[in-house]
Structures are given as C-alpha cells and as structure tokens.
Amino acid sequence: QEHLRASTCQCMAPDKAGGGLTRSLELQDPFVLLHLSGVSYQLSATESEGDRSRFAEDLKRLGSRNEYACFAFYTEQACKSLAVFAAAALCHLVGRPPAMSSASAASDSRAQAARAHLEALLPAMAAEESGAEAPRRLELLSGLATAFLAAMLERSEAPPLAFVRRVYGLLSGALVRPLSRESRRNLEEALLLLLQRMLPDPALEAAQGLQPSFLEAQDLQELSQLLTSLMAAAVAEVEMFEETRQGVALPLMCALLTRVPAKQRSQVFKGRLWQQLTELIGSDRIEQDQNRADRGVQRYQSAALAAVLCQAPEAASAFFEAAGFSAILRSEMLGCRMRLAPAGLHALDTTHPASLVAILQVIVSTLGVLPTHSLVLHSTLQWLEKHLQPLLDVVQWVTRLPMTLSAEPRRAGHVSLLSSMVSALAARSGGSAGRSGPDAMLVHCRFLQASSANSSADASVDTLAFSLSGRRALGVASGTATEEQVLQVEGVALCYRCVSLFIELWSLLTSAVGRVKGSAAGMASMASQDPYLSKLQQLEVMIRPALPGLTMQVVSACPADQNDMSDSGTPLLMESMLPSESTKLKICSNVLHVWRHDGITQHIKALAYKGPQPPGGFGGFGGFQQSFQSLSGSGLSSASAAAQTFGPLRSGVLVSQDVVSEANLRAGVLCAIFVHATSSLLNLKLSDSAVPSKEGVNKVSDFRQGNSHQIHFDGAAMTFRHLLFIVETSLHLLCLHLTLLTTAADLEGSNSGSTGRQAPSLSAGIPRLAVVGQYLRLVIEFAAASGSSVALLSTDDRSRETGTISNLLSLSFAANVASTAEKLVAQLQLQQGGL
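Residues numbered from 1 in each chain as written. Predicted model: local features only at pLDDT ≥ 70, side-chain atom pairs only at ≥ 80, totals over all residues. Heavy atoms only, no water.

Asks: Would you mind showing me how to read the pattern of salt bridges here?
Replies: When the charged atoms of two side chains lie near each other, side chains of opposite charge can form a pair. All told, the structure shown has eight salt bridges when counted by the stated rule. The partner of E385 in a salt bridge is K535, with the nearest N and O atoms 2.8 Å apart. Of this pair, E385 sits in helix α18 (residues 374-386) while K535 sits in helix α25 (residues 531-543), and the two are 150 residues apart along the sequence. Judged by its relative accessible area of 38%, E385 falls in the partly exposed class. (Salt bridge = Lys/Arg side-chain N within 4 Å of Asp/Glu carboxyl O. Helix = DSSP H or I, 4+ residues; strand = E, 2+ residues; numbered from the N terminus. Buried < 20%, exposed > 50% of the residue type's maximum accessible area, 1.4 Å probe, protein only.)

Asks: I would appreciate a short explanation of α18 in the present structure.
Replies: Count 3.6 residues to each turn of an α-helix, and residues three or four apart come out pointing the same way. Between its first and last C-alpha, α18 extends 18 Å over 13 residues, near the 18 Å set by a 1.5 Å rise per residue. The set of residues buried in α18 consists of V376, L377, T380, L381, W383 and L384. Considered in projection along α18, the buried side chains sweep an arc of 165° and stay on one side of the axis. (Expected span 1.5 Å × (residues − 1). Arc of directions from axis to C-beta.)

Asks: Help me out: how do you make sense of helix α14 (residues 297-309) in this one?
Replies: With 13 residues, α14 should reach 18 Å at 1.5 Å per residue; the first-to-last C-alpha distance of 19 Å fits that figure. Within α14, 13 of the 13 residues are buried, leaving the element largely enclosed by the surrounding structure.

Asks: Explanation requested: the pairing of strand β6 (residues 441-446) in the structure shown.
Replies: Two faces make up the sheet, and in a regular strand the side chains alternate between them. For β6, the buried fraction is high: five of the six residues fall into the buried class. Where β6 meets strand β9 (residues 710-713), two bridges bridge the pair, whose relative direction is parallel. Opposite C445, over in β9, you have F713 as the bridge partner. (Pairing = 2+ DSSP bridges.)

Asks: Looking at this structure, how should I read the environment of S786?
Replies: Structurally, the position occupied by S786 is in the loop between α34 (769-785) and β10 (789-795). Distance in space between the C-alpha atoms of S786 and L442 is 8.6 Å, their sequence separation being 344 residues. For S786, the side chain forms a polar contact with the main-chain oxygen of A783, separated by 3.3 Å. (Polar contact = N/O pair within 3.5 Å; in protein donor to acceptor, adjacent residues only side chain to side chain.)

Asks: When you look at the confidence of the model for the protein in this model, what are you seeing that I'm missing?
Replies: Detailed reading of the predicted coordinates is not advisable wherever pLDDT falls low. Averaged over every residue, the pLDDT of the protein is 74; the share at 70 or more is 67%. Helix α31 (residues 638-646) is the least confidently modelled element of the protein, averaging 38 in pLDDT, while helix α15 (residues 313-321) averages 94, the highest of any element. In the model, residues 450-463 has pLDDT below 50 throughout and makes 16 contacts with residues more than four positions away in sequence or in other chains. The model gives residues 690-701 a pLDDT under 50, and that stretch makes 20 contacts with residues more than four places away or in other chains. (pLDDT = per-residue confidence, 0-100. Contact = heavy atoms within 4.5 Å.)

What follows is the structure in structure tokens.
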C-alpha cells in the first residue's frame, strides 16, 4: 500500500471547473511501482514462469485500477457536460414565448414535450433510491430534471397540483438521504423552482385574505426531517468555504417555511436547528477568503431565514434565546459597502442596502411579535442609535431623487369625473328601502393573478433575492441596458426597500415605547425615569426632520413624460426611481402611524382634549380655545400665553412658534396624502353587466349593487382597505393640525385687537385648499351614496368567477372626520384671504 501511494502521480486531464488541461487525474505509474518493489523493468530469462505470471497479474490489476479511475473521472465530466448541454439546448429550443393567453399556454406543444420528458425521468430517479450504487447517474438525472422543469415553466403556467405534489414528494424524499454534493444541489434547485413557480404564491393568497391551512402531524414530521437535512447541507457548505458555487439550501428553507403557518413554524424548526442558524449568522469562515465574490452572502441568507421564522412569538423567543438576535445586531453584519452614482445624480457611498435590508427584516419581524420584550427593545434602540447615520443617508438620497412630482392628481378633470361618478352612483343606488340584507354597497375588486401581480409587484423584493443569491436582476426586460445600468436599477430598488423597512421599524418603536399618556410636563418627567423613552426622544430629534420630505416625495411621485427626461437619464433608470404602489402605501401608513404617537401629536391632543367633548363627536377641539383664553385672561401676552400653553416638550424648550411651524409643515403633507389616497380610492367604474349570483354564507344578491350595475375598483381588496385606512388616519391627523393652526391664528388676532390674523400659509408644493375641499366633499357624498359601508368582492376578469365577500367596511368615521375637516379648511381659506 505504501508503494501504491508513492507511485501515484497527477496526470493531465480536462479541468473539472472547465477550461484547458490541468493535472487533475490521479493514476498509478506501473514503472515507479515496479522500481519501488525492487523488480527490474525487464524480466530476465532466468525468471520462472510463476514469477512472470505473478508480475503480469499485478500489472493487470494496476492497469484495471487506472482504467476505473479514468472511467470515473470522464464519466463525471461527461454527465456534467450532458446536463449543461441539455439545459442550454432547452433554453434555445424552448425559449421564452411571447405573451399568450391561458388556453394557448396550456396547449403549447413545447411545454407538453418538456413535461413528458420530466414525467419519464421521475421513475428513473425514484429507482436510484439513495444514489450510492450509481451516484453519477443520479447527478445526471437530477440535472436533467431541473433543466426540463425550468423549460416547462418558461412555456406554460402552473401544472395540475397532483403532478406538482408527485414531483415534490420525490424531490423532498430524495433530499433526506445521503447524496453527493452535485446531486443535492440539483435537487435543491429543482425543488426551489417547484415551490416558487408551480405552487400558489403565499403573498397572493395573503393579499386575498386567505391563510395557509394547518399541517397534519405526519406532514410536520416529514418537513422537519427535510429542514434538518437542508440545514446540515448549509453548514457543510460553510465548512467547505473554498467552493465557488453558492448553494441554495437556505433559500429553499425560506421558500418551504413561507408556506407553513406562522404558528407551526416552531414545530418544524426546533432543537439544534436554532443553534446552527445562529452559527451560520455569526460564522467568519467565509469572510476569511478574500477571493470569493460571494463573501457574506450565506450570512445574509441566514438572516433572511431568521426573518421568515421570527413572525410568531414562539419562534422569535426561541431565536432570541439561542443568541441569534444578538448575532444579527453585530457590527460585522454591516461590513459591505456600496457606491451608487448614476449619471447626473449625486453619489451615495454608504453601507450596502442589501445588508441593511437583511438585518431590518429580522428586527421588524421580532419586534412586531415581541413588542413588550424589554431586552429586544433595548437591543434594537442601541443598534438603531449606532447605525442611524447610514439609514438617514439612504433616506436623504431617496428624497433627493430627481423625480417628477405632482401635489395634485395630474389627470385633467379628475375631480369632475369622480364627482360625476359619485352622483351617478347615488342616483342608481336609490330606492333600496324594503330590501333585505345589509345596507352596503358591493364593490368588485380585481382578483390577483401571478401574471398581474408580477407586473405591479415591488421590484425590491426580487432585487433583494438576486443580491442575496449573487445573481443579477434577471427580470430586467430591456435588452439595451448595460451592466452598470442594471446595477443602478438594483441599487435604487434596494434603497426603497431599506427606507420602507426603516420607517416600519421606527413606527414599531414609537408604538412600543411612546405609549405615554399625560401632559407634556408629565412626559418630560417620565422621560428622565424611563431610559427607553429617553432614548426614543433622542432618536426622534434626528429622524423627525426627514419624514415630511420623504413622504411628500413618495406620495407626489408620478411617471415622467418623455420631454421631462434629462439627457443623462435613461428610461430604465427613470422608471426605477418611481416607488412601487405597495412601497407608497407602506411608507405612508407607517409615517401616519408615527405621527399619531409622536410627541408633537400627543402634545396637540393634550391641548385639544382639555375642553368638554361633545357626545358622539370627533373630539373636544374646544380645549385649544379654553387653554389660550385662560392664560390670556391672566394678563399674559399672546406669545407668553401660547408659550405657556404648549410648554416644554423635550429636554429643551419648544415654544409655540415651533409647534405651529411643525403643524403647518405636517398639514401640507397630510393634505397631499389625503388627496392622492382619495383619488385612488374613488377611482371606481360603473358597468351595466349583470352581477352573477353566488350562493353561500354571503350571497352577492344580499348587497346593494346599484340597480344591477356593477361598481369596479381597479385594484385588489387589500389595496382598497389599505387606502381607506390611509384616508381615515390622514383625515384624523389633519383635523388636529388644522384646528391648532386656525385656533392659534384666531386667538392671537383677537388678543392683538385686530379683526383677525392671517393664518400661516401651508408649505409650498402641496394641494390647494380648494382642491382639498373638493375631495373632502367627494368622501362625504360617496359615504352617503353607499349607505356608509361597502362590501368587497374579488372577481376574476378572465374566468368571471367571484370570490368570497370580505367583511363590511364602514365609511362612517371617514365621513364624520371629512365633515369636520371641511369646516376647518373653509375657515383656513377665510383666514388666508380666500386663497
């Protein structure tokens, strides 16, 4: 055996990684072996026949071993080459088809051929069992199965669920067995394609109000075994950090767990898996290899997996107890940097937004389900204080993007069209007295499909996935875009995603820490005793100035005309600067949530609710007048009365003029939010087609349909609810801020002896007060025409199938607050001289 090892030599052969010839094939040199054994190269004539035959047999065995080594080496190369050739040939022969209907996609001959080949491969893969007898054959079959699966998805929509379940059972069952590295990667990629492209999208189901069904005990046990095997594979990839090809074990675990109800994720991901996940997040093995292009990618993939898991209190607590949350907050997680400098724009040189997003997702998920966990809250505040500057840099860069802004909807005559629609709706909906059932207006919403969702989805979600996997943005449709332009588009999308998560985190922190009731003085004294509130107030001073400009930029952004594009900008880059609809709604709703609970609004509320509140009214805004009048009657000047009324809010003294200025700035932003949200909410269409009846718990015929005229909303039911929430919240805050502005102007004018003081003009770039009043009147009239409530029904435009009617949405609050705001806007117009 020593002679055999000594006679081994490296022979020239094709490189396994591709390329020319290298010394990569191990063989045994027979001449060296004979020399080491003390045998002459040429047998003498005096040797016996037995010696001759013995030496001949030894040489024959050595030649057989060399032959087997050559066969094994070239079989592996041939299998890999055949799999690569099959994938390339299918990409060329099948290709991505042009836009086609569902019927054409179902009858596509190329898709049927790819599926037939895939079904023929399944029995062969099942017969291989563990793959120990013929590992190269299993590698070849798994690679071919992945190629045919990808080709089938390029030409058609999702196949029947029975076929998908059969393929899933085969792939998941094979992954729990011992496999070679190549076979495991091929099977993981095939299973990831299956989950992401063949099964229903969990995001679409959540948007329709559907929840994933709970898994049975047997399914939970099988899934737990699969996750254990995948985690072991991910840990093995870290140990072999010299590998250049990144695995997909962690993204596959994310795809699996997103289809498990949040309450059951701790039942399939348990035990030692939490410790292994923490080790992957805190591993420094990959960082030691400076030549790897994907340094740190696996760490961020582990963070994405943690964000999926920490959406339930049990799983978030287990992750925190395993020291995973502390590992996420380490400074080493933000070691990557990025310089984003599109042509004609200012440069952004800061921490890479992908790493910020990966960490923010975990923090938001954990804090969302554990808002009262003191250690989580303390750690989050410390991390935010330490890394606030990179986040503010991204916010400021997004705020300064050269987008086309419009404070009012740009469509000509849009208010007149909405008013005509509401009037027609009121006329057609009349005469509903004596009808049984709830007095609600039925609104048909768009049924989300995978194709329609992809066209309007947030591009930052896919961009983050491509960044974490080391790939480029495969969804860019422009064939003329250079690699630099693609990277710029990815950077802008990641910045929007980072800003959205940062505002959501600040909203969660504000509601978790800022639930302090009482006067401003009470808040100040409590801040000196509560370290959490004190830390929050220090951060608020730095974050508050960035919110109005960001919100105004996001709300007012609109597509640019071709004439408005600069010479340095490209259509691809200009289009990427616009935030997606989902990003707009998330940022607006979270900013409104922050403003509902921050110190300025709490101080205004404390003043507003000092007076007697009318029964059933919106609020006691008479507290403003009583506070001012009581202090003015004591002999104080108007400025002193105002300063004493508002009092100190923070560690410093915030005089009344500062509060009025902040309220004035916010009122302008709130007007813009309300106008744009109302324009999207009331973008309804009336049709004369009959409504198909549907039997069930909530029958369509039980709701008012406008004398058999359908009312269509160009969006999903979730979008309608989100817009209604934004309208209600913006109106609530707008009433508070306008009341402060009008009351301060009236009382200061009366104390100075004049007939009235002109109210401060709202900030530039906001909707005109006359336009705001028109939209307020539209909300009131729409609520009256719909009976103060609506019922949403998702309808598939292609199959004409109706979904389940959601719960009734009341419009009473929006109508009442709109009536109050209408009076305040009219009063503010008079104070500003009718402008």
